[in-house]
Amino acid sequence: MTATTLDPNTALVLIDLQKGIAALPTAHPAAEVIARGARLAAAFRERGLPVVLVNVTGGAPGRTEGPARADNPPADWADLVPELGRQPSDLLVTKKTWGAFHGTALDMELRRLGVTQIVLGGIATSIGVESTARSAYEHGYHVTVATDAVTDMDAAAHDNSVEKIFPRLGETDTTDAILKLLAS
């Protein structure tokens, strides 16, 4: 874990911290991941840096071997968890696939704001967070993942993303270390 710097135009991107996903059983307590995401969001807002809150309302078409999604999730399934303290200045990105870039205006919004780096957190590490990290890297953004502000429904998948994938896409560190970089 070695995050070295944050660009002056860094955005926080929190993936799928929404009621339906936060209620699922996860490898690490979702409440702790949400609390760390909320700390990051507050610090980014305090410094006038963009906060992007991402939720998911659908799924990509196509056959998979995995279980099908529920056709009728509860009405509040995609609502962001209130602990994030969503502000009018936050960008909301609603996605229908795993990653936050495909089929959304995220890249356009970040470029409009002059963003060169993103800090990522959220659920699920190996799905929405990893897909977004891969796409951000391919779009030319510097990527930093707050490793204690992510979790997954599968501990082995989480560990693989944190230990093997994220270091190839950018830098990783804890929430506290990222907050120290943000303050410097």
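Please refer to the structure higher up on the page.
Residues numbered from 1 in each chain as written. Predicted model: local features only at pLDDT ≥ 70, side-chain atom pairs only at ≥ 80, totals over all residues. Heavy atoms only, no water.

Draft legend 1. Geometry of the sheet that holds strand β3 (residues 91–95). Strand order in the open sheet made by the 6 strands is β3-β2-β1-β4-β5-β6, with parallel pairing throughout. Every interior strand has two partners, whereas the edge strands, β3 and β6 (171–173), have only one. Along the sheet, successive strands turn relative to each other by an average axial angle of 25°, direction set aside. Note: strand β4 (residues 117–123) against strand β5 (residues 142–151), 6 bridges, orientation parallel. From the neighbouring strand, Ile118 faces β5, where its bridge partner is Val143. Of the strands in this sheet, β1 (10–15), β4 and β5 touch helix α4 (residues 125–138), which is tilted by about 165° from β4. (Pairing = 2+ DSSP bridges. Helix = DSSP H or I, 4+ residues; strand = E, 2+ residues; numbered from the N terminus. Axes fitted to C-alpha atoms, helices over the stretch in contact; angles between N-to-C directions. Contact = heavy atoms within 4.5 Å.)

Draft legend 2. Region of interest: the environment of Gly114. Structurally, Gly114 can be placed in the loop between α3 (106–112) and β4. Residue class for Gly114 comes out partly exposed when judged on its relative accessible area of 29%. Each C-alpha atom, one on Gly114 and one on Thr10, is 8.7 Å from the other, the two residues being 104 residues apart in sequence. (Buried < 20%, exposed > 50% of the residue type's maximum accessible area, 1.4 Å probe, protein only.)

Draft legend 3. How the structure looks around the pattern of salt bridges. In total, this model carries 10 salt bridges according to the counting rule given. One salt bridge connects Glu46 with Arg47, and the closest N-O pair in it is separated by 3.7 Å. Assessed through its relative accessible area of 66%, Glu46 is described here as exposed. Residue Arg47 is classed as partly exposed on the basis of its relative accessible area, which comes to 36%. When salt bridges with common partners are traced through the structure, they connect Glu32, Arg36 and Asp148 into a single cluster. (Salt bridge = Lys/Arg side-chain N within 4 Å of Asp/Glu carboxyl O.)

Draft legend 4. Structural detail: α4. End to end, α4 covers 18 Å across 14 residues, agreeing with the expected 20 Å (1.5 Å per residue, within 8%). Listed as buried for α4 are Thr125, Ser126, Gly128, Val129, Glu130, Thr132, Ala133, Ser135 and Ala136. Turning to α4, the residues buried within the fold contact β1, β4, β5 and α5 (155–169). (Expected span 1.5 Å × (residues − 1).)

Draft legend 5. Main features of unusual backbone geometry. With an omega of 10°, the peptide bond between Ile123 and Ala124 qualifies as cis. Tracing the chain through its elements places Ala124 in the loop between β4 and α4. The backbone phi angle of Asp16 is positive, close to 55°, even though this residue is not glycine. Within the secondary structure, Asp16 is located in the loop between β1 and α1 (19–22).

Draft legend 6. Structural detail: the side chain of Ser126. When you line up the elements, Ser126 lands in helix α4. Only 2.6 Å separates the side chain of Ser126 from the side chain of Asp152, close enough to count as a polar contact. Residues in contact with Ser126, not counting those within four places in the same chain, are Asp152, Ala157 and Ser161. (Polar contact = N/O pair within 3.5 Å; in protein donor to acceptor, adjacent residues only side chain to side chain.)

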